[in-house]
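# Observations on the model geometry
Listed below are the residues making up each chain.
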Amino acid sequence: MISTRQRVVLGLDIGSTNVKVAAINSAGTVVARISRPTPRDISDNTITVKNLLDTLEDMVLEACGAEYCVASLSAAGIGEDGILVDENFYSLVPALAWFDPRRLPLYDELNALIPADQRISVEMEPSRTLFGWAWARRQTNAHRATFWIALTDYVSCVWTGKPFISDTLASRSAAWDIDNRMWLPERINLCLGSLDLLPPVKRAGEIVGSFTSTRLRKAGVICPDAVVVAGGHDHPIGGWSIHCMHPGSILDSMGTAEVIVAQFPYPQITKHSYIDVEPGIKSEGKTILRVEELSRNFYWASKEDTVGKKLKEIISGASSVNSCFEQDYFIPGGQGGILPRFTIDAPKDAISRASAVVGALSRRGAASIATVAEYIGPKPEIYVAGGWARAPGWLELKQRVSSEKIHVVTETEVTAVGAGLLAATAIDWHLSAEDVLMPPVRPADSVCRFWNDTLH
């Protein structure tokens, strides 16, 4: 029987806060966007991957409905989270969040034992995958593991029956030499225990295998020749999609974290302090990133109810900041659970504390953009995306501290759509990134939804 369904490519965004699916047709129109909360355990923020798989299959069914079938699919998402699995991809441990404070003692214990290595392209921080390996290895049933699978790649591994890790996720581990594309055994043995637990590494955009979900095929939403394509770390893929639209531009992606990302065209790069380097997407160059905590700093400050109310007003554009915007009264927290704080001399009134928070975080973002811009050249185009790009007051403050004009990406789901564009390249669909990412009509959204979804 010949299907009358229209072929689409799907992009998945497996994020820290939400999981999203975007469907794009062959004309370059985003025909469906689905978003649901990331299924985390409310007690400790870990993820059980069976729940994640079920959630994403539900979302694929919803995105396709009775009209579409998937020709190609790619998943992008969280960089460091992952799990140990057995030979049937059954999870033996939950996925520890990259921001979980349980990483801190492991970092303190192991970091001193790990020798410095110039081949590592990311800064050593508690969020790195190798400290997640060390935690997973100490859990019950870890000895039964066949592979360690990155959380972002997990559904793709299950749907193809093939274990792999995307190269941009390998680079987040702090145990991968991106220039020579090889693991560093000394670090693997110390933190994971065995190199044999790591699956083959795939380049972003490489076809992994056929899309074989029994449930989804039975529902008729998978084309007979459908393929799954390696994706990887969310921010490089989102940044690559912006680069496809405007080569040499910088993406400021603002969600749970604020990530400044750009594509560097050359294979050799001189690494700047606090810059992470990952493989280039669909190129022999590199991806350069700088990552800062964002949402969790706001959430921490909002635990003071009066400060939280003022932050909402400032971010929505309903209130203005005071002179504390320019002062260093707020010290942002960092990755791996490092908590933010107000300085001892910080004013106690709500508007001053809220102004200090938005001032510190907007300046930190501007400094990160300036650092990445050193690699790109003078006056690069700056595009902003993510939940925070839909908050008018926050955008006004970002522009206030920026030396360049900021452009807001019209498409609200840049990572999911970027993964969809990557899936499209694998089946030779030649879509215009500009048409897909900057449609004339912006998808409906609201500051209220932004605040609720992003901060709570």
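To be clear, the structure that these remarks concern was listed above.
Residues numbered from 1 in each chain as written. Predicted model: local features only at pLDDT ≥ 70, side-chain atom pairs only at ≥ 80, totals over all residues. Heavy atoms only, no water.

### Describing the pairing of strand β13 (residues 250–254)
Counting buried residues in β13 gives five out of five residues, a clear majority hidden from the surface. Burial of β13 is two-sided: the residues I250, D252 and M254 facing one way and the residues L251 and S253 facing the other way are all buried. Looking at chain direction, β13 and strand β19 (residues 382–385) are connected through four bridges and run parallel. Bridge pairing in β19 links S253 to A385. The turn joining β13 and strand β14 (residues 257–264), which pair antiparallel and follow one another in sequence, is formed by two residues. (Buried < 20%, exposed > 50% of the residue type's maximum accessible area, 1.4 Å probe, protein only. Helix = DSSP H or I, 4+ residues; strand = E, 2+ residues; numbered from the N terminus. Pairing = 2+ DSSP bridges.)

### Quick look at the packing of aromatic side chains
On inspection of all chains with the given rule, the structure shows 14 aromatic pairs. Look at F264 and Y266: their rings are 5.6 Å apart centre to centre, the planes differ by 80 degrees, and that puts the pair in the edge-to-face class. Judged by its relative accessible area of 11%, F264 is buried. The class for Y266 is exposed, based on a relative accessible area of 53%. When the centroid spacing of 6.0 Å and the interplanar angle of 90 degrees are considered together, the rings of F264 and Y375 count as edge-to-face. Of this pair, F264 sits in strand β14 while Y375 sits in helix α11 (residues 350–376); the two residues are 111 residues apart in sequence, bridging distant segments of the chain. In this structure, R296 packs its charged tip against the face of F99, placed 3.4 Å from the ring centre. The cationic tip of R353 hangs over the ring face of F342; the distance from NZ or CZ to the ring centre is 3.9 Å. (Phe/Tyr/Trp six-rings, centres within 6.5 Å; stacked < 30°, edge-to-face > 60°. Lys NZ or Arg CZ within 6 Å of the ring centre and 35° of its normal.)

### Quick look at the packing of helix α10 (residues 305–316) against α11
Where α10 contacts α11, the axes come no closer than 8 Å and their chain directions differ by 55 degrees. Considered as vectors, α10 and α11 are oriented oblique to each other. Seen along the crossing, α10 lies across α11 with a hand that is right-handed. Within the contact between the two elements, α10 uses T306, V307, K310, L311 and I314 and α11 uses A350, I351, R353, A354, S355, V357 and V358. Considering only residue class, the contact of α10 with α11 consists of eight nonpolar, two polar and two charged. (Axes fitted to C-alpha atoms, helices over the stretch in contact; angles between N-to-C directions. Parallel < 35°, antiparallel > 145°, perpendicular 65-115°, else oblique. Left-handed = near helix turned anticlockwise from the far one by under 90°. Contact = heavy atoms within 4.5 Å. Nonpolar A, V, L, I, M, F, W, Y, C, P; charged D, E, K, R; others polar.)

### Description of the sheet that holds strand β12 (residues 222–233)
With mixed pairing, the six strands of this open sheet are ordered in space as β3-β2-β1-β4-β12-β11. Looking at strand neighbours, the two that pair on one side only are β3 (30–37) and β11 (207–210), the edges of this open sheet. This sheet shows a mean twist of 20 degrees between the axes of neighbouring strands, independent of strand direction. Two strands pair when backbone bridges link them, and strand β4 (residues 68–77) and β12 are joined in this way by six bridges, in the parallel orientation. Bridge pairing in β12 links S74 to V229. Contacts from helix α4 (residues 151–160) reach β1 (6–14), β4, β11 and β12, with the element oriented near 145 degrees to β4.

### Some thoughts on the nonpolar core
Ranked by internal contacts, the top residues of the largest apolar core, which has 156 residues, are L56, W133, W159, F298 and W394. In terms of residue count, α11 provides more of this core than any other element does, eleven residues in total. (Core = buried A, V, L, I, M, F, W, Y, C linked by side-chain atoms within 4.5 Å.)

### Digging into α10
Between its terminal C-alpha atoms α10 stretches 17 Å, which fits the 16 Å expected from twelve residues at 1.5 Å a residue. All of the buried residues along α10 are V307, G308, L311, I314 and I315. End-on, the buried residues of α10 take up no more than an arc of 125 degrees, which puts them together on one face. The exposed residues of α10 that point more than 90 degrees off its buried face are D305 and K309. (Expected span 1.5 Å × (residues − 1). Arc of directions from axis to C-beta.)

### Considerations on the pattern of salt bridges
Under the counting rule described, the total for this entry stands at 30 salt bridges. The residue E411 makes a salt bridge to R33 at a minimum N-O spacing of 2.7 Å. With E411 in the loop between β20 (406–408) and α13 (414–426) and R33 in strand β3, this pair connects stretches of sequence that are 378 residues apart. One salt bridge connects R353 with E304, and the closest N-O pair in it is separated by 3.3 Å. Of the two residues, R353 is situated in helix α11 and E304 in the loop between α9 (295–301) and α10; the sequence distance between them amounts to 49 residues. The network of salt bridges with common partners includes E80, E125, R128, R172, D276 and E278. (Salt bridge = Lys/Arg side-chain N within 4 Å of Asp/Glu carboxyl O.)

### A short note on unusual backbone geometry
The backbone of N45 sits at a positive phi, close to 70 degrees, despite the residue not being glycine. Inspection of the secondary structure puts N45 in the loop between β3 and α1 (49–64). Even without being a glycine, K282 presents a positive backbone phi close to 55 degrees. You can call K282 partly exposed: its relative accessible area is 47%.

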